[in-house]
Amino acid sequence: MSVAIVCPTYNESENLPSLVSRVFALEGIDPRLIIVDDSSPDGTAKVVETITRETGLPITLIERQEKMGLGTAYIDGFSAALKTNCEFVVQMDADLSHPPELIPLLLKSLQNHDVAVASRYIKDGSNNEKWSYWRKLVSRGGDSYVRTILGLNASDPKSGFKAFRSNVLSSIPLNAISSVGFIFQSELLFLAKKHGFSVTEIPYEFAKRTAGISKMSWSIIIEGLFRPLQIRWKYINLRKKR
Ligand SMILES: Nc1nc2c(ncn2[C@@H]2O[C@H](COP(=O)(O)OP(=O)(O)O)[C@@H](O)[C@H]2O)c(=O)[nH]1
Ligand SMILES: [Mg+2]
């Protein structure tokens, strides 16, 4: 089964070697790893180039000129993924919070669904990141807010760990998505649902980041507040398809 795995990176050089070896150790899938790097100052792109040269593994590196945010990194990565004519596309973080070992299960659930979302917040899921009280409040409060404004019933609407049948991503107007930070994930899920695609959730353990630092910022949190309202307004005439 042909799968393109899209990972945006910003300063993830320490995590890359482990990510690559865990992804290519998976059995029963034929993955292409697509790394979208925003000229990380820590030399992430160089690490990717070296691994690719030394191992010959199917890895595509997209290098962008500057830090442009998660949203456009995914749009560029998905466009590259669709050009490979793969059957499935997986999106995940590069910091190993998303365990690559869940990928076969996510893909299996695409036998009956169009989109599979890895969720921290359903039975058997958990979040092992030791977040401060405030970050927890912002995250879980943000989930309820996003669910209410966008009419989603997903338990983890900001999850960046998902698998799609390729036709989902080729049917959605990806270039119209304007979200920059984590709210990109909710806009994508919202559009998938509006286009009539079926969504399922699979529990997983979100692992604590052990190398590198989070890129969460105030501007991303503020975007998370106003963007859901803007998304609702922007797609007001988009009726549910199918
Ligand atoms: N290309 C690119 N990747 C980014 C950017 N911001 C974050 N990332 C990557 O997106 C993933 C999730 O970011 P992270 O900082 O771990 O977010 P957190 O888990 O919410 O704290 C990681 O693989 C990051 O390296 C960005 O502006 N550009
Ligand atoms: Mg992270």
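These figures come from a predicted structure and were not determined experimentally.

Analysis parameters
- Sequence order as written defines residue numbering, which begins from 1 separately in each chain.
- Written order determines the labels here, with chains lettered from A and ligands numbered from 1.
- Thresholds applied to this predicted model are a pLDDT of at least 70 for local features of residues and 80 or more for the giving and counting of side-chain atom pairs; totals over whole chains, interfaces and linings are not thresholded and use all residues.
- Calculation of side-chain values draws on the structure's entire complement of heavy atoms; hydrogens and water are dropped beforehand.
- Going along the chain from the N terminus, every DSSP run of H or I of four or more residues is numbered as a helix, and every run of E of two or more is numbered as a strand.
- A helix is expected to span 1.5 Å multiplied by its residue count minus one.
- Only protein chains enter the calculation, and the probe is 1.4 Å; a residue is then buried if its accessible area is under 20% of its type maximum, exposed if over 50%, and partly exposed in between.
- Being paired, for any two strands, means DSSP has found at least two bridges between them.
- Like-charged residues are merged into a patch within 9 Å and nonpolar side chains (Val, Leu, Ile, Met, Phe, Trp, Tyr) within 5 Å, provided each residue has over 30% relative accessible area and no salt bridge.
- Accessible areas in this description were obtained via Shrake-Rupley with a 1.4 Å probe; residue shielding takes into account the shown protein chains only.
- Any Lys or Arg side-chain nitrogen found within 4 Å of a carboxyl oxygen on Asp or Glu counts as a salt bridge.
- Where helices are involved, their axes are fitted lines through C-alpha atoms of the stretch in contact, as for all axes, and angles between N-to-C directions lie from 0 to 180°.
- One heavy atom within 4 Å of a molecule or strand makes the whole residue count as near it.
- Polar contacts, as counted here, are pairs of nitrogen or oxygen atoms within 3.5 Å of one another; within protein the pair requires one atom able to donate a hydrogen and one able to accept it, and residues that are adjacent in sequence qualify only if both atoms are side-chain atoms.
- A 1.4 Å probe that fits but cannot get out identifies a cavity on a 1 Å grid over protein atoms alone, an open set with protein on both sides within 12 Å along at least five of seven lines counts as a pocket, and a residue lines either if it has an atom within 4 Å of a point.
- For a molecule to be placed in a cavity or pocket, more than half of its atoms must lie within 2 Å of the grid points of that cavity or pocket.

Novice: Is there a simple way to think about helix α3 (residues 70–83) in this case?
Specialist: For the α-helix, the turn length of 3.6 residues means that residues three or four positions removed from each other point alike. Its 14 residues place the ends of α3 20 Å apart at the C-alpha level, agreeing with the 20 Å of an ideal helix rising 1.5 Å per residue. Within the sequence span of α3, burial applies to Gly71, Ala73, Tyr74, Ile75, Gly77, Phe78, Ala80 and Ala81. Once α3 ends, the next one or two residues include Asn85, with phi positive near 60 degrees.

Novice: Is there a simple way to think about the pairing of strand β1 (residues 2–9) in this case?
Specialist: Side-chain direction in a regular strand flips from residue to residue, so the side chains alternate between the two faces of the sheet. Of all 8 residues in β1, 7 are buried; the element is thus mostly enclosed. Here β1 pairs with strand β2 (residues 30–37) via 8 bridges, running parallel. The residue bridging Ile5 from the neighbouring strand is Leu33, located in β2. Two strands pair when backbone bridges link them, and β1 and strand β4 (residues 88–91) are joined in this way by 4 bridges, in the parallel orientation. Bridge assignment links Ile5 to a residue of β4, and that residue is Val90.

Novice: Where do I start with a nonpolar patch on the surface in this structure?
Specialist: Residues Tyr133, Trp134 and Leu137 make up a contiguous nonpolar surface patch of roughly 410 Å² in combined accessible area. Relative to the elements of secondary structure, Leu137 occurs in helix α5 (residues 133–150).

Novice: Honestly, the pattern of salt bridges in this entry has me stumped. Any pointers?
Specialist: Two side chains that carry opposite charge are able to pair once their charged atoms sit near each other. Counted by the stated rule, this structure contains 14 salt bridges. Residues Asp156 and Arg120 are paired through a salt bridge, measuring 2.9 Å at the closest nitrogen-oxygen approach. Pair noted here: Asp156 is in the loop between α5 and β7 (162–165) and Arg120 is in the loop between β5 (115–119) and β6 (126–127), with a separation of 36 residues, a long-range link. In this structure Asp156 comes out as buried when scored by relative accessible area, which is 0%. The closest approach of N and O atoms between Glu223 and Arg227, which form a salt bridge, is 2.8 Å.

Novice: Looking at this structure, I do not really get the sheet that holds β7. What am I missing?
Specialist: What links the strands of a sheet is backbone hydrogen bonding, and the strands pair in either a parallel or an antiparallel sense. Spatial ordering of the open sheet is given by β3-β2-β1-β4-β7-β5-β8, a layout of 7 strands whose pairing is mixed. Only two strands of the sheet have a single neighbouring strand rather than two, namely β3 (59–63) and β8 (199–203). Direction aside, neighbouring strands of the sheet carry axes that sit 20 degrees apart on average. Relative to β7, β5 runs antiparallel, the two sharing 3 bridges. The residue bridging Val117 from the neighbouring strand is Lys162, located in β7.

Novice: Can you walk me through the site of ligand 1 in this structure?
Specialist: The environment of ligand 1 is formed by 18 residues, the closest being Glu12, Asp38, Asp95, Ser214 and Lys215. A distance of 3.0 Å separates a nitrogen atom of ligand 1 from a polar backbone atom of Val36. Here an oxygen atom of ligand 1 and a side-chain polar atom of Arg135 are 3.0 Å apart. Protein coverage of the free-state accessible area of ligand 1, which is 570 Å², stands at 91%. The cavity that encloses ligand 1 is the largest pocket. Elements supplying a minimum of two residues to the shell around ligand 1: β1 and α3.

Note that every value here comes from positions in space, so none of it alone points to a role or purpose.
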